[in-house]
Amino acid sequence: MNCKGFLFDLDGTLVSSLAVVERAWLNVGKRLNVNPQDVLDFIHGKQAITSLRHFMAGQSEDAIQREFQLLEQVEATDTDGVVALPGAIELLDRLNTLGVPWAIVTSGTIPIAHARCKAAGIPFPEVFVTAELVARGKPEPDAYLIGAERLGFLPAECIVVEDAPAGIASGLSAGCQVIAVNAPEDTPDLNRVDKVLTTLEHVSVDFVDNIASVKFG
């Protein structure tokens, strides 16, 4: 695969934060009297406010915002168990060494995303697209369109690296190349992505004439 820049999801792609996310959201579900499995089946890869509006349908926006602020505080301060996924730091360090442009495009907010990068030891990108910048979150294409634009490239010139079905759908809809990492086997349109991986450990990159050449294995 060849590209001019990379657009990485954060949670589940670069960092392992599943325990933190599910811990926080199960408490939300308990407060809202929502079935725990229904919560876990819905939330992954989506903006928190989208999930809260789904589960709090019929409640006031003020109530939803209060729940959002509480959830954000919890997720931004609870980093117990947040670690870098195998190969993530090495890949990002390689991109930085070569001068390959890359961004993190996450459904999380700034406080949560920054806290998790810091906890996992992930390098901070020059371009960080968080929920505050995106009106329509994943699976809509907006987040990755913004990411490509901020890197200065066309979507097709970028490789999206994602784990969640909502994020994979977002990258495909944006017209980017897509690498799926640890995606669920029942992910819709998984056959449409350019590469399916179980780890970033075996990804190698070279950079010549402003084009990144990506190899696997």
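Thresholds applied
Positions within a chain are numbered from 1, following the residues in the order the chain's sequence is written. Residues qualify for local features only when their pLDDT is at least 70, as the model is predicted, and side-chain atom pairs are given and counted only at 80 or more; totals for whole chains, interfaces and linings, by contrast, use all residues. Note that the side-chain values use all heavy atoms of the structure and ignore hydrogens as well as water. Where each domain starts and ends comes from a domain assignment, either automatic or drawn from a database. Note on contacts: a residue pair is in contact if any heavy atoms of the two residues lie within 4.5 Å. Computed with a 1.4 Å rolling probe, the buried area is the accessible surface lost when two parts are put together, summed over both parts. We define a salt bridge as a contact between a side-chain nitrogen of Lys or Arg and a carboxyl oxygen of Asp or Glu at a distance within 4 Å. Polar contact is defined as a pair of N or O atoms within 3.5 Å, subject to the rule that within protein one atom must be able to donate a hydrogen and the other to accept it, and that residues adjacent in sequence are counted only when both atoms are side-chain atoms. Secondary structure elements are taken from DSSP: a helix is a run of H or I of four residues or more, a strand is a run of E of two residues or more, and numbering for both begins at the N terminus. Any residue outside Ala, Val, Leu, Ile, Met, Phe, Trp, Tyr, Cys, Pro, Asp, Glu, Lys and Arg is labelled polar, Gly included; the first ten of those are nonpolar and the last four are charged. Each residue's exposure class comes from its accessible area (1.4 Å probe, protein chains only) as a fraction of the maximum for that residue type: buried when under 20%, exposed when over 50%, partly exposed otherwise. Grid spacing is 1 Å over the protein atoms alone, the probe is 1.4 Å, and a cavity is where that probe fits but cannot get out, while a pocket is an open set with protein on both sides within 12 Å along at least five of seven lines and lining residues have an atom within 4 Å of a point. Grid points are joined across faces, edges and corners, and a volume is the space filled by probe spheres set on the points. Note: two strands are recorded as paired if DSSP finds a minimum of 2 bridges between them. Throughout this description, the term nonpolar core refers to a set of buried Ala, Val, Leu, Ile, Met, Phe, Trp, Tyr and Cys residues connected via side-chain atoms within 4.5 Å. The axes are straight lines fitted to the C-alpha atoms, using for helices just the contacting stretch, and the angles between their N-to-C directions are given from 0 to 180°.

Per an unreviewed UniProt entry, the recorded name for the chain is Sugar phosphatase, and the organism is Budvicia aquatica.

K.L.:
Please set out the domain arrangement of the chain residue by residue, giving values where relevant.
P.N.:
A common way to state how big an interface is: give the accessible area lost once the parts meet. Once the domains are mapped, the chain shows domain 1 (2–16 + 82–216) and domain 2 (18–77). For domain 1 versus domain 2, the separation of C-alpha centres amounts to 24 Å. Counting residues at the interface gives 15 residues for domain 1, matched by 12 residues for domain 2. Taking both sides of the interface into account, the surface hidden between domain 1 and domain 2 amounts to around 1,000 Å²; carbon and sulfur atoms contribute 57%. It is S107, I112 and R116 in domain 1 that bury the most area against domain 2; as a group they hold 38% of the surface buried on that side. The interface formed by domain 1 and domain 2 includes one salt bridge. Scanning the region where domain 1 abuts domain 2 turns up four residue pairs in polar contact (both at pLDDT 80 or more). Broken down by element, the side of domain 1 that touches domain 2 gets its largest block of residues, four residues, from helix α6 (residues 110–120). Looking at the side of domain 1 that touches domain 2 residue by residue, the class counts come to eight nonpolar, four polar and three charged.

K.L.:
Got a sec to walk through the pattern of salt bridges? Specific residues and values, please.
P.N.:
Scanning the entire structure with this criterion turns up 12 salt bridges. R94 is the partner of D206 in a salt bridge, and the nearest nitrogen-oxygen pair spans 3.0 Å. Of this pair, D206 sits in strand β10 (residues 203–208) while R94 sits in helix α5 (residues 88–98), placing them 112 residues apart in sequence. With a relative accessible area of 39%, D206 lands in the partly exposed category. Of the charged contacts, one joins E162 and K138 as a salt bridge, the two residues approaching to 2.7 Å between their closest N and O atoms. Note that E162 is positioned in strand β7 (residues 158–162) and K138 in the loop between β6 (127–129) and α7 (142–151), a separation of 24 residues in sequence. For the pair shown, E162 and K138 are each scored as buried.

K.L.:
I'd love a proper account of empty space enclosed by the protein, names of residues and values included.
P.N.:
Taken as a whole and assessed by the stated rule, the structure comprises one cavity of 30 Å³ or more. As for the largest cavity, its lining consists of F6, F8, L91, V161, I179, L200 and V203. For the lining of the largest cavity, the class distribution of residues is seven nonpolar, no polar and no charged.

K.L.:
Could you give an account of the environment of A131, with specific residues and numbers?
P.N.:
Within the element layout of this structure, A131 appears in the loop between β6 and α7. Taking the C-alpha atoms as reference, A131 lies 9.1 Å from I49; in sequence the two are 82 residues apart. Apart from the residues lying within four places of it in its own chain, the contact partners of A131 are Q47, T106, S107, G108 and T109.

K.L.:
Tell me about the pairing of strand β5 (residues 102–105), residues and numbers included.
P.N.:
The alternating pattern of β5 places W102 and I104 on one face and A103 and V105 on the opposite face, and all of these are buried. Where strand β2 (residues 5–8) and β5 come together, three bridges link them in parallel fashion. Bridging across to β5, F6 finds its partner in W102. One ladder, built from three bridges, connects β5 with β6; its direction is parallel. Residue pairing for β6: I104 is matched across the bridge by F128.

K.L.:
Give me the nonpolar core: which residues, what numbers.
P.N.:
With 30 residues, the main nonpolar core has F6, F8, L14, L95, I122 and V205 as its most contacted residues. Put simply, the parts of the chain that give this core at least two residues each are β2, α5, β5, α6, β7, β8 (177–181), β10 and β11 (211–216). The biggest single contributor to this core is α5, with four residues. If we skip the residues at most four places from it in the chain, L14 touches F8, D9, V83, A84, L85, A88, L92, I104, I122 and L200. L7, V129, A180 and V193 belong to the second-largest nonpolar core, a separate cluster that totals 22 residues.

K.L.:
Account for the sheet that holds β8, naming residues and giving values.
P.N.:
Reading across from one edge, β6-β5-β2-β7-β8-β9 is the order of the six strands in this open sheet, with parallel pairing throughout. Looking at which strands have only one partner, the edges of the open sheet turn out to be β6 and β9 (195–197). If you compare each strand with its neighbour and ignore which way they point, the axes differ by 20 degrees on average. Of the strands in this sheet, β2 and β5 touch α5, which is tilted by about 150 degrees from β2.

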